[in-house]
Amino acid sequence: MTIEESLTGLGKILVTGGNGQLAVSLSALGGEQVIRIGRPEFDFDQPETIAAAVSRYKPHAVVNAAAWTAVDLAESEPEAARRANETGPALLAAACAEIGVPLVHVSTDYVFSGDKGSPYVETDPIAPQTVYGTTKAAGEAAVLAANPQTAVLRTAWVYSAHGKNFVRTMIAAGAKNPRLRVVGDQIGNPTSSDDLARAILAILARVSKTGWQPEYAGVYHATAQGETSWHGLAVAALEAAARLGRPMPEIDAIRTEDWPTPAKRPQDSRLDCSKLASVFGVQLPDWHATLVPTVETIVSAS
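To start, this report covers the structure provided alongside it. Everything quoted here is computed from the prediction, not taken from an experiment.

## With respect to the packing of helix α9 (residues 230-242) against helix α11 (residues 287-301)
The geometry of α9 relative to α11 is characterised by a closest axis approach of 9 Å and an angle of 50° between their N-to-C directions. Relative to α11, the element α9 is oriented oblique. Of the two elements, α9 crosses α11, and the hand of that crossing is right-handed. From α9, Gly 232, Leu 233, Ala 236, Ala 237, Ala 240 and Ala 241 reach across to α11, where they touch Trp 287, Leu 291, Val 292, Val 295 and Val 299. Looking at side-chain class alone, the contact of α9 with α11 contains ten nonpolar, one polar and no charged residues.

Given below as structure tokens:
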């Protein structure tokens, strides 16, 4: 059964986030059922557009893939980050509640400090270390409070063949530089936006089949299986590109302190995704499996 066939009973899915990685993936995979909207039609900085969009399209489900994701810039523009990550999503959740439709809200590993030393589960205490993480954590609470039919998906290290992301940046840098320096002491779960989109569509297919169940509400972790460092991800991506004829640069692993940034990054933000599999029967593949075809698409398009 295809994704589109499994979603037949659900109807229209409204996806915010315009041209963002996840919104594009959802649109590509979900077919005509997915309505992708962004600025100026839908803009968290223009609150009146939020309920207006939900009212206009009358969707059967909403996926909020819109967010302030400029982690470092958020440190100097906290109010703008809060509008995008908390205030706006709360209004969107309320608009969904008004017409009685479920909301899938995308969040982040940055709600954690990164010092647990093992993969985080959903019940672990949050301890965001940045403005971005703080506003995303507040957004989680806000959407869950505003709409009882809300599932929050925390994901991490999202990449794709489109948009701005680490994998595309590394491939471009590797084509121009014989030597790269990449942080090697931060660990996480690289996640393809296509795999995340498939997971979201599978969740909505389950909702379509069973109707919304109270146990569906809450927070879930949704990342690819497997773990690596930024250095490990860069090596894997550039080795895949090299097999397609691209140059293979030397890639030095450096420490976090050797690459200072305004916002602190979690040292170890691995997420345990067992709950997602238990409740929805959804499990994302290992990150290696999707990285190679993604790199092939990037290289062939450049």
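Next, the rest of the story.
## A short note on the sheet that holds strand β3 (residues 61-64)
One open sheet accounts for six strands, arranged β2-β1-β3-β4-β5-β10; its pairing is parallel. Looking at which strands have only one partner, the edges of the open sheet turn out to be β2 (34-37) and β10 (218-221). Across the sheet, the mean angle separating the axes of adjacent strands is 20° when strand polarity is ignored. Bridge count between strand β4 (residues 103-108) and strand β5 (residues 150-155): six bridges; the pairing is parallel. When the bridges of β5 are listed, Val 106 appears paired with Leu 153. Against the sheet, helix α6 (residues 131-146) touches β4, β5 and β10, its axis set at about 160° to β4.

## A look at the pattern of salt bridges
Within this structure, the stated rule accounts for 13 salt bridges. Taking the shortest distance from any N to any O, the salt bridge between Asp 195 and Arg 198 comes out at 3.1 Å. Of this pair, Asp 195 and Arg 198 are both found in helix α8 (residues 193-210), three residues apart, which corresponds to roughly one turn of the helix. According to the relative accessible area criterion, Asp 195 is buried, its value standing at 7%. Residue Arg 198 is classed as partly exposed on the basis of its relative accessible area of 37%. Taking the shortest distance from any N to any O, the salt bridge between Arg 270 and Asp 268 comes out at 2.8 Å.

## Overview of empty space enclosed by the protein
Counted under the stated rule, the structure contains one cavity of 30 Å³ or more. Approximately 40 Å³ is the volume attributed to the largest cavity. In terms of lining, the largest cavity is formed by Tyr 110, Phe 112, Ser 113, Gln 129, Thr 130, Lys 264, Arg 265 and Pro 266. Partitioning the lining of the largest cavity into residue classes produces three nonpolar, three polar and two charged.

## What about α9?
Relative to the 18 Å expected for 13 residues at 1.5 Å per residue, α9 spans 18 Å between its end C-alpha atoms, a close match to the ideal helical length. Among the 13 residues in α9, eleven count as buried, and that is most of the element. Turning to α9, its buried residues are Trp 230, His 231, Gly 232, Leu 233, Ala 234, Val 235, Ala 236, Ala 237, Leu 238, Ala 240 and Ala 241. Looking at the buried side of α9, the elements it contacts are α7 (166-174), β7 (179-183), β11 (228-229), β12 (250-254) and α11.

## Focus on the layout of surface pockets
A probe as big as a water molecule, rolled over the atoms, marks out the empty space that is left. Taken as a whole, the second largest pocket holds about 210 Å³ of empty space. Around the second largest pocket, the lining comprises 18 residues; the ones closest to its centre are Ala 224, Gln 225, Leu 271, Asp 272 and Cys 273. Residue composition of the lining of the second largest pocket, by class: nine nonpolar, six polar and three charged.

## Overview of the side chain of Thr 130
Within the fold, Thr 130 resides in the loop between β4 and α6. For Thr 130, a relative accessible area of 4% puts it in the buried group. In this structure the side chain of Thr 130 is engaged in a polar contact, spanning 2.9 Å, whose partner is the backbone nitrogen of Gly 133. What Thr 130 contacts, discounting residues up to four positions off in sequence, is Glu 75, Tyr 110, Ala 263 and Lys 264.

## Brief notes about α11
Residues spaced three or four apart along an α-helix face the same direction, because each turn holds 3.6 residues. Helix length check: α11 (15 residues) gives 21 Å between terminal C-alpha atoms against 21 Å at 1.5 Å per residue, within 8%. Elements in contact with the buried residues of α11: β6 (158-159), α7, β9 (191-192), α8, β11 and α9.

## With respect to the packing of aromatic side chains
The final tally for this structure, using the stated rule, is eight aromatic pairs. Judged by centre distance (4.0 Å) and plane angle (10°), the rings of Phe 112 and Tyr 120 are stacked. Residues Tyr 220 and Phe 280 carry aromatic rings whose centres are separated by 5.2 Å and whose planes lie at 55° to one another, so their mutual orientation is tilted. Taken together, the residues Tyr 220 in strand β10 and Phe 280 in helix α10 (residues 274-280) connect sequence positions 60 residues apart. The same class applies to Tyr 220 as to Phe 280, namely buried. Every member of this aromatic cluster is reached through a ring pair, and the members are Trp 212, Tyr 216, Tyr 220 and Phe 280.

What counts as what
- Residues numbered from 1 in each chain as written.
- Predicted model: local features only at pLDDT ≥ 70, side-chain atom pairs only at ≥ 80, totals over all residues.
- Heavy atoms only, no water.
- Axes fitted to C-alpha atoms, helices over the stretch in contact; angles between N-to-C directions.
- Helix = DSSP H or I, 4+ residues; strand = E, 2+ residues; numbered from the N terminus.
- Parallel < 35°, antiparallel > 145°, perpendicular 65-115°, else oblique.
- Left-handed = near helix turned anticlockwise from the far one by under 90°.
- Contact = heavy atoms within 4.5 Å.
- Nonpolar A, V, L, I, M, F, W, Y, C, P; charged D, E, K, R; others polar.
- Pairing = 2+ DSSP bridges.
- Salt bridge = Lys/Arg side-chain N within 4 Å of Asp/Glu carboxyl O.
- Buried < 20%, exposed > 50% of the residue type's maximum accessible area, 1.4 Å probe, protein only.
- 1 Å grid on protein atoms, 1.4 Å probe; cavity = no way out; pocket = protein on both sides within 12 Å on 5 of 7 lines; lining within 4 Å.
- Points joined across faces, edges and corners; volume = space filled by probe spheres on them.
- Expected span 1.5 Å × (residues − 1).
- Polar contact = N/O pair within 3.5 Å; in protein donor to acceptor, adjacent residues only side chain to side chain.
- Phe/Tyr/Trp six-rings, centres within 6.5 Å; stacked < 30°, edge-to-face > 60°.

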